[in-house]
Amino acid sequence: WTVTQTHAGRFAWTAPTGRVHTKEPEPYHPGPDPIPRTDSDHDELPAVTLAPVPPPVHPPGSPRRNSHGYLTRAAVDTAARLRQRARDRGETETENNPEDRFPEEPPF
């Protein structure tokens, strides 16, 4: 099969047997004009759309949702392992005070 464009939107398909099939463009019918708005304050956006959305707050050790908003089994298991590791290390007091999480100076 080969194809050639003979005019704008018109294509001629040639079969291996030599027969030519012409594809014409579909007729264009524009849709109706939009209906004008009747409310008086249609030039201003509501204040709710302009207010910034605060980021979600996740408590320490809680599983994070994926980009689709679901909790995965892996996220729940990882959060449980991290909470258990913190309990094993005795890090319960650092969970309540995040400023004391790294009390020592960095090595650099």
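Treat the numbers as computed from the prediction; the structure is a model and nothing was measured.

**Let's talk about the overall build of the protein chain**
- Secondary structure summary: the protein chain contains 3 helices and 3 strands in total.
- If you list the helices and strands of the protein chain from N to C, you get β-β-β-α-α-α.
- Across the protein chain, contacts joining residues at least 24 apart in sequence account for 2% of those joining residues at least 6 apart.
- Within the structure as shown, the protein chain displays about 10400 Å² of accessible surface, and the carbon and sulfur contribution to it stands at 58%.

**What to know about the pattern of salt bridges**
- Overall, the coordinates contain 3 salt bridges when judged by the stated rule.
- For Glu-26, the salt bridge identified is with Lys-23, shortest N-O distance 3.7 Å.
- For Glu-26, a relative accessible area of 62% gives the class exposed.

**A look at helix H2 (residues 73-89)**
- Taking 1.5 Å of rise per residue, 17 residues should cover 24 Å, and H2 covers 24 Å from first to last C-alpha, within 8% of that figure.
- Within the span of H2, buried status applies to Ala-75, Ala-79 and Ala-86. The buried residues of H2 occupy an angular sector of 35° when projected down its axis, which confines them to one face. What points out from H2, more than 90 degrees from its buried face, is the exposed set Arg-73, Ala-74, Arg-81 and Asp-88.

**Some thoughts on the pairing of strand S2 (residues 10-14)**
- Both strand S1 (residues 2-7) and S2 contribute to a ladder of 5 bridges, which runs antiparallel. For His-7, the partnering residue across the bridge sits in S2 and is Arg-10.
- Counting the residues between successive antiparallel strands, the hairpin from S1 to S2 contains 2 residues, one of them, Gly-9, with a positive phi of roughly 85°.
- Counting the residues in the hairpin turn of S2 and strand S3 (residues 20-23) gives 5 residues, including Gly-18, whose phi is positive at 100°.

Cut-offs applied
- Per chain, residue numbering runs from 1 following the sequence as it is written.
- Under the rules for a predicted model, residues below a pLDDT of 70 receive no local features and side-chain atom pairs below 80 are neither given nor counted, while totals for whole chains, interfaces and linings still include all residues.
- Only heavy atoms go into the side-chain values, all of them from the structure, while hydrogens and water stay out.
- Here a helix means four or more residues in a row that DSSP labels H or I, a strand means two or more in a row labelled E, and each is numbered from the N terminus.
- Note on definitions: a residue-residue contact is assigned when non-hydrogen atoms from the two residues lie within 4.5 Å.
- For accessible areas, the Shrake-Rupley method is used with a probe of radius 1.4 Å. Any residue's cover is judged against the shown protein chains and nothing else.
- Every case where a carboxyl oxygen of Asp or Glu lies within 4 Å of a side-chain nitrogen of Lys or Arg is listed as a salt bridge.
- Under the scheme applied here, a residue whose accessible area is under 20% of the maximum for its type counts as buried, over 50% as exposed, and between as partly exposed, the area being computed with a 1.4 Å probe on protein chains only.
- Multiply 1.5 Å by the residue count of a helix minus one, and that product is the helix's expected span.
- To be clear, the arc concerns the directions from the helix axis to the C-beta atoms.
- Any two strands are treated as partners once DSSP identifies two or more bridges connecting them.

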